[in-house]
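Take a look at the letters that make up each chain.
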Amino acid sequence: MFKTATLAFTAIAASASIASASIDNISNFVMEQDRGGQVELGIVTATGDGVVEVYSFHKGVVGALIGSEMVKAGANLDVDVNIPRQETDAIVFLKVNGQVVDTQEINFN
């Protein structure tokens, strides 16, 4: 009985550690976007208040900052970032406490 209780406690402790792991992410399910004046990111989840920054991106080189949007800790629904019309693709950085915690490449049609 003691072994069973110990194993159950260990399993519960391990699952709690997994649940508290970092959950910062950009949930962009639309990798191809229209060449409009906006990047649609969908749900952005962050462990703390932060910012989503959109940069021009061409042949693996990050260019100029073209737009940004503040996010709060937790799930941010329907995050859209206004940008000028782009001739190149873009890359999005999610920053929390000044640190990049996730990235997402964006391809424009």
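Residues numbered from 1 in each chain as written. Predicted model: local features only at pLDDT ≥ 70, side-chain atom pairs only at ≥ 80, totals over all residues. Heavy atoms only, no water.

S.K.: Go over the side chain of Asn 76 with me, naming the residues and quoting the values.
M.R.: One can find Asn 76 in strand β6 (residues 74-82). The buried category is assigned to Asn 76, whose relative accessible area is 14%. In this structure the side chain of Asn 76 is engaged in a polar contact, spanning 2.8 Å, whose partner is the backbone oxygen of Lys 72. Among the polar contacts made by the side chain of Asn 76, one reaches the main-chain carbonyl oxygen of Gly 74 at a distance of 3.2 Å. Look past the residues within four positions of Asn 76 in its chain and what remains in contact with it is Gly 42, Ile 43, Val 44 and Val 71. (Helix = DSSP H or I, 4+ residues; strand = E, 2+ residues; numbered from the N terminus. Buried < 20%, exposed > 50% of the residue type's maximum accessible area, 1.4 Å probe, protein only. Polar contact = N/O pair within 3.5 Å; in protein donor to acceptor, adjacent residues only side chain to side chain. Contact = heavy atoms within 4.5 Å.)

S.K.: Before we move on, can you summarise the pairing of strand β8 (residues 99-108) with the specific residues and values?
M.R.: As paired strands, strand β7 (residues 89-96) and β8 are joined by 7 bridges and run antiparallel to one another. Within the sheet, the bridge partner assigned to Val 96 lies in β8 and is Gln 99. Between β7 and β8, which pair antiparallel in sequence order, lie 2 residues; one of them, Asn 97, sits at a positive phi of approximately 55 degrees. (Pairing = 2+ DSSP bridges.)

S.K.: Can you tell me about the confidence of the model for the chain, naming the residues and giving the values?
M.R.: For the chain, the average pLDDT comes to 76, and 66% of its residues sit at 70 or higher. When mean pLDDT is compared element by element in the chain, strand β5 (residues 61-71) scores highest at 95, while helix α1 (residues 2-19) scores lowest at 38. Residue range residues 1-21 is modelled with pLDDT below 50. Its contacts to residues more than four positions away, or to other chains, number 0 contacts. (pLDDT = per-residue confidence, 0-100.)

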